[in-house]
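Examining the three-dimensional arrangement
Letter by letter, the chains look like this.
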Amino acid sequence: MTVVVALLGLIFLIVIHELGHMLTAKALGVRVPEFGVGFGPALVKKKFGNTVYSFRIILLGGFAKMAGMGDGAEGRDTYYAKALWRRALIILAGPGANLLAAVAILACVYMFQGVVTDVKPVVSAVERGSMAQEVGMRPGDKIVRLDGGKVETWKAFQRQMSGREVGEKVSVTVLRDGSQKTFEGELGADPEDRDRALVGVRPELETTTYGPVESVWLAVQRCAEITVRLGVFVGQLVTGEKDLYENVTGPVGIASVGSTAVNQGFFLPLLALISLNLALFNLFPILPLDGGHLFFIAAEKVLGRPVSEQTMGKIAAFGLVLVLALFLFATYADLSKIFTGQPFIPD
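These numbers come from a predicted model, not from an experiment.

Attention now moves to the pattern of salt bridges. Opposite charge on two side chains allows them to pair when their charged atoms are near. Taken as a whole and assessed by the stated rule, the structure comprises 12 salt bridges. Residue R87 pairs with E300 through a salt bridge whose shortest N-O separation is 2.7 Å. Within this pair, whereas R87 is found in helix α2 (residues 84-113), its partner E300 is found in helix α9 (residues 290-303), the two being separated by 213 residues in sequence. For R87, a relative accessible area of 5% corresponds to the buried category. Where K150 meets E152, a salt bridge forms, and the shortest distance between an N and an O atom there is 3.4 Å. The class of E152 is exposed, set by a relative accessible area of 56%. One network of salt bridges, in which partners are shared, links D147, R164 and E168.

Here it is in structure tokens:
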């Protein structure tokens, strides 16, 4: 069920992106014959006004088909009949919608869910099948010692757990109802990383919520910070400082991480991050991405004439091969990590 929620979240972001294109196109006088979610044969089709809305069998994308873009249509309501600035706005509206969605999601998190300001060494949940469940630890227990070593903070507990091995025997002392209880057992393995030893408890989180205006401002700041970090990260990939295989995540990995996020309660922040990534990725100047269309709009402005359809077609075909190659490589990396037990997201 959690995987389904994660996939629905991804579909939601794709719909938001394509809605940005479609609504802006219609507002600027461009006819949109079809708006589709997914690819391949249509499962459902329904026409409202001048637009056919379809839901297709392969849920790996979506589209807002605009009159004049690859269909040979002509007239005042076609895409290429519009001024360059109008076409640029239509293209920018997709990434812009994802950026706004990221800000809106994060703002809601700041307002309603809150931001973690402290992590306490108090058990909030016990993982099923873990050592903690087997020995009888329960929510509300405050961890005070690990193998006799004093524990005052969750970070102190993590430091003492660092380097321990799966199957290693440990004793955990907790404070329960005013008295201390000591539990002994063997450390279990992290389902996401079989080499990492766990007791199997989640800590109690202290959160702070904010008002609407401050939440929006914090969300904008967070998106700006992530954008800068992503720029640095791309630079590190280019220079070889970061390995593409270890750091790329495809649809399988995103679904898996999304499922974990649903279970652990941080799905909305992850959804905002994916939305922001989707916006920025689409701005790369490669056809068929939005950035590629913006590049050719700029080229038309500089040259004083549109680039020929033949040239654009060849570049688009090359770009499509690149995007598909990245997609296949990311999927291969995801499956490889599953079989080798590597985490989808490196520490």
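A few words on a nonpolar patch on the surface. On the surface, F39, L43, V44, F55, I57, I58, L59, L60, F327 and L328 cluster together into a nonpolar patch covering about 920 Å² of accessible area. Those elements giving two or more residues to the nonpolar patch turn out to be β1 (34-48), β2 (51-65) and α10 (309-340). Ranked by residue count, the leading element in the nonpolar patch is β2, at 5 residues. Tracing the backbone through its elements, the reader meets F55 in strand β2. Classification of F55 by relative accessible area gives partly exposed; the value is 35%.

The topology assignment puts S171 in strand β6 (residues 169-176). Aside from chain neighbours lying at most four places away, what touches S171 is R145, L146, D147, G148, T182, F183 and E184.

Right, let's get into the packing of α2 against helix α5 (residues 212-239). Interhelical geometry of α2 versus α5 gives an angle of 130° and a closest axis separation of 8 Å. When the axes of α2 and α5 are compared, the pair comes out oblique. Our pair here, α2 against α5, has a crossing hand that is right-handed. Here A102, V103, L106, A107, Y110 and M111 of α2 come into contact with α5, specifically with P212, S215, V216, L218, A219, V220, R222 and C223. The residue inventory of the contact of α2 with α5, partitioned by class, reads 12 nonpolar, 1 polar and 1 charged.

Analysis parameters
Residues numbered from 1 in each chain as written. Predicted model: local features only at pLDDT ≥ 70, side-chain atom pairs only at ≥ 80, totals over all residues. Heavy atoms only, no water. Salt bridge = Lys/Arg side-chain N within 4 Å of Asp/Glu carboxyl O. Helix = DSSP H or I, 4+ residues; strand = E, 2+ residues; numbered from the N terminus. Buried < 20%, exposed > 50% of the residue type's maximum accessible area, 1.4 Å probe, protein only. Patch = residues over 30% accessible without salt bridge, like charges linked within 9 Å, V, L, I, M, F, W, Y side chains within 5 Å. Areas by Shrake-Rupley, 256 points an atom, 1.4 Å probe, with all protein chains shown as cover. Contact = heavy atoms within 4.5 Å. Axes fitted to C-alpha atoms, helices over the stretch in contact; angles between N-to-C directions. Parallel < 35°, antiparallel > 145°, perpendicular 65-115°, else oblique. Left-handed = near helix turned anticlockwise from the far one by under 90°. Nonpolar A, V, L, I, M, F, W, Y, C, P; charged D, E, K, R; others polar.

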